[in-house]
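Survey of secondary and tertiary structure
Residue-level listing of the chains:
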Amino acid sequence: MDYQPHSDEIASLLTGVAGLPGALAGLPGFAEVDAALVGQVLEEAGKFVAERIAPLNREGDEIGARYEAGQVTMPPGFREAYQAFWQAGWPALSAREEDGGQGLPAVLECVLYEWLSAANHGWTMAPGLLHGAYECLKHHGSDALKERYLGKIATGEWLATMCLTEPHAGSDLGLARTRAVPQPDGSYLLEGTKIFISGGEHDLSDNIVHLVLARLPDAPPGPKGLSLFLVPKFMPDGSRSRAHCERIEEKMGLHGSPTCVMRFDEATGWIVGEPGRGLNAMFVMMNSARLHVALQGIGLLDAAWQKADAYARERRQMRAPGPRRGSEAADLIIEHPAVRRILDTQRAWVDGARVLAYRTGIELDVARSHSDAEARQRAERWCSFITPVLKAACTDQAFHGASECLQVFGGHGYVREWGIEQIVRDSRVAMIYEGTNEIQAIDLLVRKVLPDGGAGFTTFLGDLDTADEEVAGRFAALTRSAVALATGAQSQADLPYWVAGDFLRATALALLAWAWERIGSSPGFHTSRWLDPEHALISWVMPEFDMRLALIDAAIERSSARFTARSID
Ligand SMILES: Cc1cc2nc3c(=O)[nH]c(=O)nc-3n(C[C@H](O)[C@H](O)[C@H](O)COP(=O)(O)OP(=O)(O)OC[C@H]3O[C@@H](n4cnc5c(N)ncnc54)[C@H](O)[C@@H]3O)c2cc1C
């Protein structure tokens, strides 16, 4: 069963819960965005995903991308689908009109990429980096670079890569060694090896634009010595550049996406932004990519749920507790509480996380172009706190939830026939790339929450209206925990690092409950397709919140006991 996007359901979530189009009122360029336009775009997007992208998923996994003599051949149908994708204008959905884009709200692009990832994660890896590359070049590229590359990237005619990782420099990009030597004509020659580069080589588009972190000869060591460069696969005169794919990785999943070792062998490139400010320029791309990875998680979890839900409505085994239903010898497995619990739990995550991710899509536009400085600041605060939370929580849940959905199939889930095992394999990597989930947790707690003693985080939670006492109570408990950690860190500096993952997870759960409060108070949103996710949220999901805070409290207590003991000694 291929993934089915439900455009009516998402349209009602966007307009009934997330507040479109009102939430974008007053932003320049969106005057014509109304519920009808949102519905129309989603319907067309849903059709494209279901008809062109979802059917390629299985072969993408089984045949995979193939490497031979520096060239990568993508699985059958991938190139044709990509050509149809960009020619129909999908990559340009939210790019500015002056760059060849359609100028539509970012949140519509969020929905599109969630569906594409759900339908075919491997194929979606290639266009998934386009919007980030577009924003990066738009904000940091020279006029000459923009003239040559911005339009091609905005429309998706040429695909882009993000070349950061090196064999000895993964989470710690400051260790990167790739060198860039300035040339008299203003260009640079890049020398070094990058690994794990998604879409470093393929036959989907006629050119590939690599954005590469490298070090100038006089650069200081560490992250401040990194600059960003643009290196095309084909040079402006049509000749092949000296950026080569040496091989592609054999992976656990995601076989439709070539993960490339790229060798830059005195490859010509041009600087993007200022020398030594490469990570700063790259962060524009990485933040966009992190939200996309969160959306991958949501999409893949929905895909796993769709398969498991359909199977549970067909498969009969044993008698469910309660009165006998019908004359069949056994009940549908969806009647068994253990199976329902699995299904409803994933549903609670998918819908709650959608509210949060779509709201982030809306806040991106508010942060970018609202006329009121305070509104822009509030939106920036939302994006800053929620991006690491969504990236880590949605991808953790995608993998663990997909594994639970596999359980619904029993042994039939472990064999290939039903396709659920592919989702488990494909989803695992999202916990690793775009900054591992451990790095996201540190980003949230150590870099964003603690430096001001939790004040900004408290303001962020205060921005979220709630009429629900339990939700308000959880926000207050999170704030107390942040303050206690800030105090505890004064005597034990590594304390927050031990519990950053718990803090992120607790934050995600509190926000999930807030999102469901929104769903509950929006009668326009139809939830009739499934069972009772709200009940699952309260019974099976939220108790983890208290458990996570208890783990943090215990760590703080141990730390203060140790500190007291040391002081007495
Ligand atoms: C399929 C795939 C596609 C990818 N695509 C791209 C791409 O397009 N471009 C690109 O540049 N890279 C890409 N990557 C690389 C990816 O971003 C890195 O794998 C990731 O950043 C982690 O780096 P690493 O693998 O070297 O792990 P390491 O950094 O060595 O980390 C190993 C472990 O240590 C933990 N760790 C490290 N530092 C800390 C810390 N300070 N605190 C707590 N824990 C820590 C990590 O969380 C992890 O669990 C891709 C990787 C894969 C597998």
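A few points on the structure.

The rules behind the values
- Residues numbered from 1 in each chain as written.
- Predicted model: local features only at pLDDT ≥ 70, side-chain atom pairs only at ≥ 80, totals over all residues.
- Heavy atoms only, no water.
- Helix = DSSP H or I, 4+ residues; strand = E, 2+ residues; numbered from the N terminus.
- Rg over C-alpha atoms; globule rule 2.2 N^0.38 Å.
- Buried < 20%, exposed > 50% of the residue type's maximum accessible area, 1.4 Å probe, protein only.
- Contact = heavy atoms within 4.5 Å.
- Areas by Shrake-Rupley, 256 points an atom, 1.4 Å probe, with all protein chains shown as cover.
- Lys, Arg positive; Asp, Glu negative; His and termini not counted.
- Charge placed at Lys NZ, Arg CZ, Asp CG, Glu CD.
- Arc of directions from axis to C-beta.
- Expected span 1.5 Å × (residues − 1).
- Axes fitted to C-alpha atoms, helices over the stretch in contact; angles between N-to-C directions.
- Parallel < 35°, antiparallel > 145°, perpendicular 65-115°, else oblique.
- Left-handed = near helix turned anticlockwise from the far one by under 90°.
- Nonpolar A, V, L, I, M, F, W, Y, C, P; charged D, E, K, R; others polar.
- Salt bridge = Lys/Arg side-chain N within 4 Å of Asp/Glu carboxyl O.
- Phe/Tyr/Trp six-rings, centres within 6.5 Å; stacked < 30°, edge-to-face > 60°.
- Near = heavy atom within 4 Å.
- Polar contact = N/O pair within 3.5 Å; in protein donor to acceptor, adjacent residues only side chain to side chain.
- Core = buried A, V, L, I, M, F, W, Y, C linked by side-chain atoms within 4.5 Å.

We now examine the overall build of the chain. Across its full length, the chain holds 19 helices and 9 strands. On C-alpha atoms alone, the chain measures out to a radius of gyration of 24 Å, which is about the 25 Å that the 2.2 N^0.38 rule sets for 569 residues. Referenced to the eigenvectors of the C-alpha coordinate spread, the extents of the chain come out at roughly 80 × 70 × 50 Å. Taken over 569 residues, the chain has a buried fraction of 58%. Taking as baseline every contact in the chain between residues at least 6 positions apart, the subset at least 24 positions apart corresponds to 74%. As displayed, the chain has an accessible area near 23,100 Å², and 52% of this comes from carbon and sulfur atoms. Averaging the coordinates of the 54 positive side-chain charges in the chain and doing the same for the 74 negative ones gives two points 4 Å apart.

Cis geometry marks the peptide bond from L20 to P21; its omega dihedral reads -5 degrees. Mapped onto the fold, P21 is located in the loop between α1 (7-16) and α2 (35-53). For A69, which is not glycine, the phi dihedral falls at a positive 50 degrees. By the element assignment, A69 lies in the loop between β1 (66-68) and β2 (71-73). The phi dihedral of E266 falls on the positive side, at around 55 degrees, and the residue is not glycine.

Turning our attention to helix α18 (residues 533-541). Every buried residue belonging to α18 is among P533, A536, L537 and V541, and all of these are buried. Viewed end-on, α18 has its buried residues packed into an arc of 105 degrees, placing them on one side of the element.

Our focus in this paragraph is α2. End to end, α2 covers 26 Å across 19 residues, agreeing with the expected 27 Å (1.5 Å per residue, within 8%). The set of residues buried in α2 consists of V38, V41, L42, A45, G46, F48, V49 and I53. Looking straight down α2, one finds its buried side chains confined to an arc of 165 degrees; they lie on one side. Every exposed residue of α2 that faces more than 90 degrees away from the buried side is listed here: A36, Q40 and E51. If you follow the buried residues of α2, they end up packed against α1, α3 (57-62), α4 (78-87), α5 (106-119) and α6 (121-128).

Here we take up the packing of α5 against helix α9 (residues 278-312). Closest axis-to-axis distance for the α5/α9 pair is 7 Å, and the angle between their directions is 50 degrees. Between α5 and α9, the crossing angle belongs to the class labelled oblique. Handedness of the crossing formed by α5 with α9: right-handed. Two secondary-structure elements touch here, α5 through E109, C110, Y113, E114, S117 and A118 and α9 through L291, H292, L295, Q296, I298, G299, L300 and A303. Split into classes, the residues belonging to the contact of α5 with α9 amount to 8 nonpolar, 4 polar and 2 charged.

Turning our eyes to something else, we now look at the pattern of salt bridges. Counted by the stated rule, this structure contains 36 salt bridges. For the salt bridge of E9 with R354, the shortest nitrogen-to-oxygen distance reads 3.7 Å. Of this pair, E9 sits in helix α1 while R354 sits in helix α10 (residues 337-369); the two residues are 345 residues apart in sequence, bridging distant segments of the chain. Each member of the pair E9 and R354 is classed as buried. K448 is paired through a salt bridge with D443; the nearest N and O atoms lie 2.9 Å apart. With relative accessibility at 10%, the residue D443 sits in the buried group. A cluster of three or more residues bridged by salt bridges with shared partners is formed by E9, E114, D302, R347, D351 and R354.

If you walk through the whole model with that rule in mind, you get 16 aromatic pairs. Both rings, one in Y149 and one in W158, keep their centres 6.0 Å apart while their planes meet at 55 degrees; by these two values the pair is tilted. Measuring from centroid to centroid gives 5.8 Å for W382 and F460, while their planes differ by 65 degrees, and the two rings are edge-to-face. Here W382, found in helix α11 (residues 373-408), pairs with F460, found in helix α15 (residues 455-462); they are 78 residues apart in sequence, far enough to count as distant. Under the relative-accessibility criterion, W382 is labelled buried at 3%. We classify F460 as buried; its relative accessible area is 2%. Joined through ring pairs, the aromatic side chains of W382, F385, F457, F460, F503 and W514 make up one cluster.

Attention shifts here to the site of the ligand. Contacts to the ligand come from 18 residues, most closely from M162, T165, S171, F196 and T436. Contact distances for the ligand include 2.7 Å between a nitrogen atom and a side-chain N or O atom of T165. Here E438 contributes a side-chain N or O atom positioned 2.8 Å from an oxygen atom of the ligand. In isolation the ligand offers 970 Å² of accessible surface; the protein chains occlude 65% of this area.

Turning next to the packing of α5 against α6. Between α5 and α6, whose axes approach to 6 Å, the crossing angle comes to 145 degrees. Note that α5 runs across α6; the crossing there is left-handed. Taken together, the residues of α6 that come into contact with α5 (itself represented by Y113, L116, S117 and A119) are H121, W123, T124, P127 and G128. Broken down by class, the residue content of the contact of α5 with α6 amounts to 5 nonpolar, 4 polar and no charged.

With that out of the way, let us pick up the environment of E434. With respect to the element layout, E434 can be found in the loop between α13 (420-428) and α14 (437-449). Residue classification places E434 among the buried residues on the basis of a relative accessible area of 14%. In this structure, the C-alpha to C-alpha distance between E434 and R313, residues 121 residues apart in sequence, is 37 Å. When residues no more than four places from it in sequence are discounted, the contact partners of E434 are L129, M162, M286, A289, R290, V293, K391 and Q440.

Now for the nonpolar core. Counting 190 residues, the largest nonpolar core has L14 and F503 as its most contacted members. Looking at this core, the element that brings in the most residues is α9, giving 18 residues. When residues no more than four places from it in sequence are discounted, the contact partners of F503 are L444, L445, V449, F457, L478, S481, A482, L485 and I552.

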